[in-house]
Amino acid sequence: MRGRRGDRMTINIQEHMAINVCPGPIRPIRQISDYFPRRGPGPEGGGRDFREAPARLAPLALAPPAALLGATTPEEGAEVDSYDSDDTTALGMLEFDLLYDQASCTLHCSILRAKGLKPMDFNGLADPYVKLHLLPGACKANKLKTKTQRNTLNPVWNEDLTYSGITDDDITHKVLRISVCDEDKLSHNEFIGEIRVPLRRLKPSQKKHFNICLERQVPLASPSSMSAALRGISCYLKELEQAEQGPGLLEERGRILLSLSYSSRRRGLLVGIVRCAHLAAMDVNGYSDPYVKTYLRPDVDKKSKHKTCVKKKTLNPEFNEDFFYEMELSALATKTLEVTVWDYDIGKSNDFIGGVSLGPGARGEARKHWRDCLQQPDAALERWHTLTSELPPAAGALPSA
Ligand SMILES: [Ca+2]
Ligand SMILES: [Ca+2]
Ligand SMILES: [Ca+2]
């Protein structure tokens, strides 16, 4: 009795499940990654994801789009969503104008229209909008966006988007990324395609017309890009951007227009905080409440601090405030002007947005502005500067407001 009962007990729970469950043939389960083509490696045997592996492993941004097309094989399976055949379908054409106005330090981007966009929604249409970024640099600090045109593959925007505080340095080094995305109400917006224009292709004050095919850039083959796929395209773009920036570069947090003038009559430096543009948003409402602080370092007698008033809920504040530092020109030559921008917060400590240091130890535009100011007393020199997420170490150790 005991033995027979024991024999019956030898069918373990796994065998029991194997016998009784699974009435039909086993079908592959759709992965979330199926909805995000070419991002993140799929599971073993997930045929579609494997097919795309070569494209994913291509070096970032080096592979021309043609190479991507070659890297994928034609669709074999019958159960394929129409938008999955993306790489063999044209993404569409984008028509836009670019104008760099050197005198006003602005870059005008007129986004005109797109034609023949790839369908992104189940109704065979899309809800396209255009997003601009300057690379390398932080996404949120320099993103500009058109309105969304609903249910169309041939959207007409005719919108002018303007970057302020663009210097000749930017024109030599920066790349404008223009991406077209499909807005989705219920899920993350989807990336359709993009165009990258090195700004050095623009001649000052000459409008340049473009009408070119959208391309698809290759995402990073990293474990973190896999999780980014789940969070959608915005995170993926941010990651790309950080990779392009490289480890040595600081995150951009916006621009500031500063005026410097050494007054030989008053024997001192007049610092004008004119305005800021494209500041990073530090509050949940998508804005900041910016104010600017300045120090003249080294600040031996602790009297060099100046603060502007707070401008509420804006990323493009106008201050037009002047501060005066009484000092001989020779003494000033050894000093560094530290300019920091902060987000005022009620009930907690203020957030640091970004800063720039002008002085003999600075680099690029910041060094040049300081030098020109010392060399041209009584001339008011107004220049744009890039704010970064950290100040150079010499100017660090910021006391709180
Ligand atoms: Ca949509
Ligand atoms: Ca804040
Ligand atoms: Ca705030």
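This is a predicted model, so every value here is computed, not measured.

Q: Just to check I follow, could you spell out the overall build of the protein for this structure?
A: Helices and strands together make up the secondary structure of the protein, namely 10 helices and 16 strands. When each of the 401 residues of the protein is scored for burial, the buried share is 48%. Sequence separation of at least 24 residues holds for 66% of the intrachain contacts in the protein that already meet a minimum separation of 6. Accessible area of the protein: about 21100 Å², with a carbon and sulfur share of 55%.

Q: Help me out: how do you make sense of the coordination of the calcium ion (ligand 3) in this one?
A: Six octahedrally arranged donors around a metal ideally form angles of 90 or 180 degrees; four tetrahedrally arranged donors ideally form angles of 109.5 degrees. Surrounding the calcium ion (ligand 3) are the protein donor atoms Asp283 (OD), Asp283 (OD), Asp289 (OD), Asp343 (OD), Asp343 (OD), Tyr344 (O) and Asp345 (OD), at 2.2 to 3.0 Å. In primary-sequence terms, the residues that donate to the calcium ion (ligand 3) follow D-x5-D-x53-D-Y-D. The distance between the calcium ion (ligand 3) and the calcium ion (ligand 2) is 3.8 Å, with Asp283 acting as a donor to both metals. With Asp283 in the loop between strand S10 (268-277) and strand S11 (290-297) and Asp345 in the loop between strand S14 (336-343) and strand S15 (351-358), the pair connects residues that are 62 residues apart, well separated along the chain.

Q: Looking at this structure, how should I read unusual backbone geometry?
A: With the exception of glycine, the majority of residues adopt a negative phi angle, and the majority of peptide bonds are in the trans configuration. Backbone torsion omega between Leu135 and Pro136 reads -10°, so that peptide bond is classified as cis. Note on placement: Pro136 falls in the loop between strand S3 (128-135) and strand S4 (144-145). The phi torsion at Asn158 lies on the positive side, around 45°, for a residue other than glycine. Within the secondary structure layout, Asn158 lies in strand S5 (residues 156-164). Of the residues examined, Asn158 reaches a relative accessible area of 49% and is grouped as partly exposed.

Q: Where do I start with the sheet that holds strand S1 (residues 93-101) in this structure?
A: Hydrogen bonding along the main chain pairs the strands of a sheet, whether they run parallel or antiparallel. The antiparallel open sheet is built from four strands, whose spatial order is S5-S2-S1-S8. At either margin of the open sheet sits one strand with a lone partner, and together these are S5 and strand S8 (208-213). On average, each strand axis in the sheet is inclined to that of its neighbour by 20°, with strand direction left out of account. With nine bridges connecting them, S1 and strand S2 (residues 106-115) associate as antiparallel partners. Bridge pairing in S2 places Glu95 opposite Arg113.

Q: Any chance you could explain the sheet that holds S4 here in plain terms?
A: The strand order across the open sheet formed by four strands is S4-S3-S6-S7, and the pairing between neighbours is antiparallel. In the strand order of this sheet, the two ends are held by S4 and strand S7 (190-198), each with one partner. In the sheet, S3 pairs with strand S6 (residues 175-182) via eight bridges, with the strands oriented antiparallel. Residue pairing for S6: Leu134 is matched across the bridge by Leu176.

Q: How should the environment of Trp370 be read in this particular structure?
A: Position of Trp370 among the secondary structure elements: in helix H10 (residues 364-375). Between the alpha carbons of Trp370 and Lys335 there is a distance of 9.8 Å; along the sequence they are 35 residues apart. When residues no more than four places from it in sequence are discounted, the contact partners of Trp370 are Leu260, Leu269, Leu296, Leu332, Ala333, Lys335, Leu337, Leu358, Gly359 and Pro360.

Q: Whenever I open this one, the side chain of Thr314 confuses me. Can you help?
A: Mapped onto the elements of the fold, Thr314 is located in the loop between strand S12 (306-307) and strand S13 (318-326). Here Thr314 falls in the buried class, since its relative accessible area comes to 18%. Setting aside its immediate chain neighbours within four residues, Thr314 contacts Tyr287, Ser288 and Pro290.

Q: Mind showing me how you'd approach a nonpolar patch on the surface here?
A: Nonpolar side chains collect at one region of the surface, where Val310, Tyr344 and Ile346 lie side by side and expose about 270 Å² of accessible area between them. Overall, Ile346 belongs to the exposed group, its relative accessible area being 71%.

About the thresholds
Residues numbered from 1 in each chain as written. Chains lettered and ligands numbered in written order. Predicted model: local features only at pLDDT ≥ 70, side-chain atom pairs only at ≥ 80, totals over all residues. Heavy atoms only, no water. Helix = DSSP H or I, 4+ residues; strand = E, 2+ residues; numbered from the N terminus. Buried < 20%, exposed > 50% of the residue type's maximum accessible area, 1.4 Å probe, protein only. Contact = heavy atoms within 4.5 Å. Areas by Shrake-Rupley, 256 points an atom, 1.4 Å probe, with all protein chains shown as cover. Donors = N, O, S within 2.8 Å, 3.2 Å for Na, K, Ca; no water. Pairing = 2+ DSSP bridges. Axes fitted to C-alpha atoms, helices over the stretch in contact; angles between N-to-C directions. Patch = residues over 30% accessible without salt bridge, like charges linked within 9 Å, V, L, I, M, F, W, Y side chains within 5 Å. Salt bridge = Lys/Arg side-chain N within 4 Å of Asp/Glu carboxyl O.

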